[in-house]
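One-letter residues, chain by chain:
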Amino acid sequence: MVEQRGVAVAVILTLITCGIYGIYWFIVLTSDVGKLSGDHEFTGGKHFLLTLVTCGIWSYVWAFQIGRQVEQAQHQRGWHASDNALIYLILHFFGLQIVTLALVQADVNKMARY
């Protein structure tokens, strides 16, 4: 259903490519979370485009929304759902978007195993 990605590899590739891989990672990770939560309108392309059009402002909305989407996907699987939306938003506010991506990827990898 969704592809598991190594968090460390994704972070290193993002740093080596000066963020280009990070754009790809953002898009596919967002789409993966949308698939896992059952919200097929939560797509990476849409959120990337909105982030570009708003000069980055939409990325704060994305950070909060992806936390809620991950929580919803965990809840649907009967897991103890962790609401990390506020944590992701705070990390994003302090310029730690790559940490948000890494944490979301770790959650997606857990869900993809089951």
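To start, this report covers the structure provided alongside it. These numbers come from a predicted model, not from an experiment.

1. Quick notes on the side chain of Asn109
Here comes step 1: Inspection of the secondary structure puts Asn109 in helix 6 (residues 97-113).
Here comes step 2: Its relative accessible area of 8% is what places Asn109 among the buried residues.
Here comes step 3: Engagement of the side chain of Asn109 in a polar contact is seen with the backbone oxygen of Arg5, the distance being 2.7 Å.
Here comes step 4: Excluding residues that lie within four positions of it along the chain, Asn109 makes contacts with Glu3, Gln4, Arg5 and Val7.

2. Quick notes on unusual backbone geometry
Here comes step 1: The residue Cys18 is not glycine, and still its phi comes out positive at about 55°.
Here comes step 2: Tracing the sequence through the fold places Cys18 in the loop between helix 1 (7-16) and helix 2 (20-37).
Here comes step 3: Of note, the phi angle at Cys55 is positive, near 55°, even though the residue is not glycine.
Here comes step 4: In this fold, Cys55 is placed in the loop between helix 3 (44-53) and helix 4 (58-76).
Here comes step 5: For Cys55, a relative accessible area of 73% corresponds to the exposed category.

3. A few points about the environment of Val99
Here comes step 1: By the secondary structure assignment, Val99 is in helix 6.
Here comes step 2: Judged by its relative accessible area of 32%, Val99 falls in the partly exposed class.
Here comes step 3: Spatially, the C-alpha atom of Val99 lies 8.7 Å from that of Val11, the residues being 88 residues apart in sequence.

Definitions and cut-offs
Residues numbered from 1 in each chain as written. Predicted model: local features only at pLDDT ≥ 70, side-chain atom pairs only at ≥ 80, totals over all residues. Heavy atoms only, no water. Helix = DSSP H or I, 4+ residues; strand = E, 2+ residues; numbered from the N terminus. Buried < 20%, exposed > 50% of the residue type's maximum accessible area, 1.4 Å probe, protein only. Polar contact = N/O pair within 3.5 Å; in protein donor to acceptor, adjacent residues only side chain to side chain. Contact = heavy atoms within 4.5 Å.

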